[in-house]
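So you can see what is in the structure, the chains are spelled out below.
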Amino acid sequence: MLDSQFNEEILPPLEEPVAAYRVRRSPFDYKLFSCYAVDFLDNNLYPIVTDVEFNVASKYAEEYNKDLQEELTND
C-alpha cells in the first residue's frame, strides 16, 4: 500500500465503511486531482492524497482499491 498523506490514528472513527477509492478533480486547480475514500453512495469520506497530477492520484486509487478487494476476499 502506498504511504498516505495523513495519520490514520488521529482520524475520528468512520460511520460509513469505505466502498472504494475514487479520483476526483481538485476544486482549486482544474489540472490537479485528488484520491478520496468513498462510501457505497459514492460520497467522499476522507482524502487519501490531494492536489497531485492525475497519474499520481490514479495510482493511489488503484493501489488502495486493490488492497480493499484483497480485504474483502479474505473475509
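This text follows the structure it describes.
Every residue gets a number counted from 1 within its own chain, in the order that chain's sequence is written. This being a predicted model, a pLDDT of at least 70 is required before a residue's local features are given, and a value of 80 or more before pairs of side-chain atoms are given or counted; all residues contribute to the totals for chains, interfaces and linings. As a convention, hydrogens and water are excluded, and side-chain values are obtained from all of the structure's heavy atoms.

### Some remarks on the environment of L32
Part 1: Strands are runs of DSSP state E lasting at least two residues, helices are runs of H or I lasting at least four, and both sets are numbered from the N terminus onward. Looking at the element boundaries, L32 is found in the loop between β1 (20–25) and β2 (33–38).
Part 2: Whether two residues touch is decided by their heavy atoms; if any such pair falls within 4.5 Å, the residues are in contact. If near-sequence neighbours (up to four positions away) are discounted, L32 is found in contact with R25, S26, D51, V52 and E53.

### A word on the pattern of salt bridges
Part 1: Any carboxyl oxygen of Asp or Glu within 4 Å of a side-chain nitrogen of Lys or Arg constitutes a salt bridge here. One pass over the full model with this rule turns up five salt bridges.
Part 2: Between R22 and D42 there is a salt bridge; the shortest N-O distance is 3.0 Å. Here R22 is found in strand β1, whereas its partner D42 is found in the loop between β2 and β3 (44–52), with 20 residues between them in sequence.
Part 3: Residue classification places R22 among the partly exposed positions, given a relative accessible area of 36%.
Part 4: Burial here depends on accessible area, computed with a 1.4 Å probe over protein chains only, as a share of the maximum for the residue type. Under 20% is buried, over 50% is exposed, and the range in between is partly exposed. Accessibility expressed as a relative area gives 33% for D42, which makes it partly exposed.
Part 5: E63 is paired through a salt bridge with K59; the nearest N and O atoms lie 3.7 Å apart.

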